[in-house]
Amino acid sequence: MSIRHDSRNERRDIRGEVQGLARPAFDTIAIHGGAFDDPLSGSVNVPVYQTVTYGQDEVGGTPAYCYSRTGNPTRTALERQLATLEGAEHGLAFASGMAAINNVLNVLKSGDHVVAGQDLYGGAYRIFTKLYAKFGVTFTFVDTTDPANVAGAITRRTRLLWLESPSNPLLRLTDIEACAGIARRAGVVSVVDNTFATPVLQRPLDLGADVVVHSTTKSLAGHSDVLGGAILTRDAELHEPFRFFQNAVGAVPGPQDCFLVLRGLRTVGLRVERHCLNARRVAEFLAEHPAVKRVYYPGLASHPQYALARRQQRDFGGVVSFELGDDVEAVKRFASGCRLWTLAESLGGVKSLWCHPPTMTHASVEPEVRRGNGIRDGLIRLSVGIEDAEDLIADLAAALECAASARGSRARKTPPEPPPRVCRDGARLEDACAARETAI
Ligand SMILES: Cc1ncc(COP(=O)(O)O)c(C=O)c1O
């Protein structure tokens, strides 16, 4: 039997107008929009359609689903829900944020030019300069905090304007409305990576951007347990090639991953609110601390774009960056004092993480380019979780004390010795692997 659309699902269209509520609020849409009830059982959660293929009624027909690279009902629910939350008409889900970014770039051809913000996620910079540059696409990186720089960099060959606001890792803001307007007048497609802000805080399509991309790995899924990405747009002509490449290239998420991201979306409003509350407390604490040289957080009145942040975003986000000194030594001492804060890549999860962008997220950016963009070796990026703010601040205070002391190191609890890993024949796994390596 083939599963067909159920009329009960018609009451929710892609714009999230839940029947009976003409203008539902974000948190209502996050629960009721996009997703559909299961037509077989009425399950209140979208089922995981763990299937690759679908029985078809006739030869040469056009079934709603034929093969899961092309489409899967769990993925459809996620794509609809993501589109709804961003105020888009069309949504596509991907296996990671980088897969989504790559899918947008697939529209480029040799000779095309892209204008991009200077302060970008290192992986975006890497795919631009190490992969697409190889195929004859050229890139100009500008400081997009001044829209005049964007206008000045656009040439006859420019196809895309690539923005991150707030940017990773320096939390610089771009006036999306101004820059999207400049791009539109020049016939250039504007793309905003909205991973940091999330649609809870900022909706770039409402500000005139053409395309939004996400790493749903971060706040949208929110629990550091699933990778994902998305492309959202209102423009059918832009959507069509994106959809074609999604199927042609095949970097799609599996249904279980779609389910996890969908589940995250239900609580994203609540979580982001708490991330913002905690991040503001943390930023204020850091700004007063004598061991901290500089704090980057758009919610501090000292941030150069505080006024823009207040105008463009509903709140200031859960990421705070700060500088300890000019080199990595103080950062190492800081690491020795962290307990609650985990040194790890990624951001936007419920658990607080910190990272050292020069050696982690931005290690693929050449040191001179990195430093030229203002990413100094003493920079730390915090992804502020939803734990108790007092506990987070107490742990930071202890870690900063270590950073400021000559030797660092808060007596670490020695982790328990892990049990020896053994093979089926009882030999220690490490010994067996060592023997195999010598054999190879
Ligand atoms: C702003 C931004 N965009 C895109 C990505 C890439 O996402 P993913 O790791 O899901 O591929 C990241 C990852 O950190 C990011 O911070």
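All of these numbers come straight from a predicted model, not from anything done at the bench. (Residues numbered from 1 in each chain as written. Predicted model: local features only at pLDDT ≥ 70, side-chain atom pairs only at ≥ 80, totals over all residues.)

### A word on the overall build of the protein
Point 1. Looking only at helices and strands, one finds 14 helices and twelve strands in the protein.
Point 2. Sorting the 440 residues of the protein into buried and exposed places 45% on the buried side.
Point 3. In the protein, once contacts between residues fewer than 6 apart in sequence are set aside, the share between residues at least 24 apart is 72%. (Helix = DSSP H or I, 4+ residues; strand = E, 2+ residues; numbered from the N terminus. Buried ≥ 20, exposed ≤ 12 C-beta atoms within 10 Å, placed from the backbone. Contact = placed C-beta atoms within 7 Å.)

### With respect to the pairing of strand β6 (residues 211-215)
Point 1. Within β6, five of the five residues are buried, which leaves the element mostly enclosed by the surrounding structure.
Point 2. Residue alternation in β6 divides its side chains into two sets, V211, V213 and S215 and V212 and H214, and both sets are buried.
Point 3. With three bridges connecting them, strand β5 (residues 189-193) and β6 associate as parallel partners. Each bridged residue has a counterpart across the sheet, and for V191 the counterpart in β6 is V211. (Pairing = 2+ DSSP bridges.)

### Overview of helix α8 (residues 236-249)
Point 1. End to end, α8 covers 20 Å across 14 residues, agreeing with the expected 20 Å (1.5 Å per residue, within 8%).
Point 2. Burial in α8 covers these residues: H239, F242 and Q246. Here the buried residues of α8 occupy an arc of 70 degrees about the axis, which is enough to place them on one side. Turned more than 90 degrees away from the buried face of α8, the exposed residues are E237, E240 and A248.
Point 3. Those residues of α8 that are buried are in contact with β1 (90-94), α3 (97-105) and β7 (229-233).
Point 4. One or two positions beyond α8, positive phi appears at G250, with a value near 90 degrees. (Expected span 1.5 Å × (residues − 1). Arc of directions from axis to C-beta.)

### Some words on the nonpolar core
Point 1. By size, the foremost hydrophobic cluster in this structure holds 104 residues, and its most contacted members are L161, V191, V320 and F334.
Point 2. At 13 residues, the largest contribution of residues to this core is made by helix α9 (residues 255-288).
Point 3. Taken together, domain 1 (7-265) and domain 2 (269-404) each give at least three residues to this core, which thus spans both.
Point 4. When neighbours within four sequence positions are excluded, V320 is seen to be in contact with A279, V282, A283, L286, V295, Y297, L382 and V384. (Core = buried A, V, L, I, M, F, W, Y, C linked by C-beta atoms within 7 Å. Domains from an automatic or database assignment.)

### Observations regarding the sheet that holds strand β9 (residues 319-323)
Strands pair in a sheet through their backbones, by hydrogen bonds, and they do so in one of two ways: parallel or antiparallel.
Point 1. Pairing within the open sheet is mixed, and its five strands lie in the order β8-β9-β12-β11-β10. In this open sheet, the two edge strands, each paired with only one partner strand, are β8 (294-296) and β10 (342-343).
Point 2. Alignment of β9 against strand β12 (residues 379-383), held across five bridges, turns out to be antiparallel. Within the sheet, the bridge partner assigned to F322 lies in β12 and is I380.
Point 3. Packed on one face of the sheet, α9 meets β8, β9 and β12 and runs near 10 degrees to β9. (Axes fitted to C-alpha atoms, helices over the stretch in contact; angles between N-to-C directions.)

### Quick word on the confidence of the model for the protein
Point 1. The share of residues in the protein with pLDDT of 70 or more is 87%, and the mean pLDDT across the chain is 90.
Point 2. Between residues 1-16, whose pLDDT stays under 50, and residues either more than four places distant or in other chains, the model counts 26 contacts.
Point 3. Low pLDDT, under 50, characterises residues 436-440; the stretch is placed with zero contacts to residues that sit more than four places away or in other chains. (pLDDT = per-residue confidence, 0-100.)

### Things to note about the pairing of strand β4 (residues 158-164)
Point 1. For β4, the tally of buried residues reaches six of seven residues, placing the bulk of the element in the interior.
Point 2. Looking at chain direction, strand β2 (residues 113-117) and β4 are connected through four bridges and run parallel. What sits directly across from V115, in β4, is L161.
Point 3. Bridge count between β4 and β5: five bridges; the pairing is parallel. Its bridge partner lying in β5, E164 is registered against D193.
Point 4. Remark: the β4/helix α6 (residues 176-185)/β5 crossover connection has right-handed handedness. (Right-handed = clockwise from strand over helix to strand, strands pointing away.)

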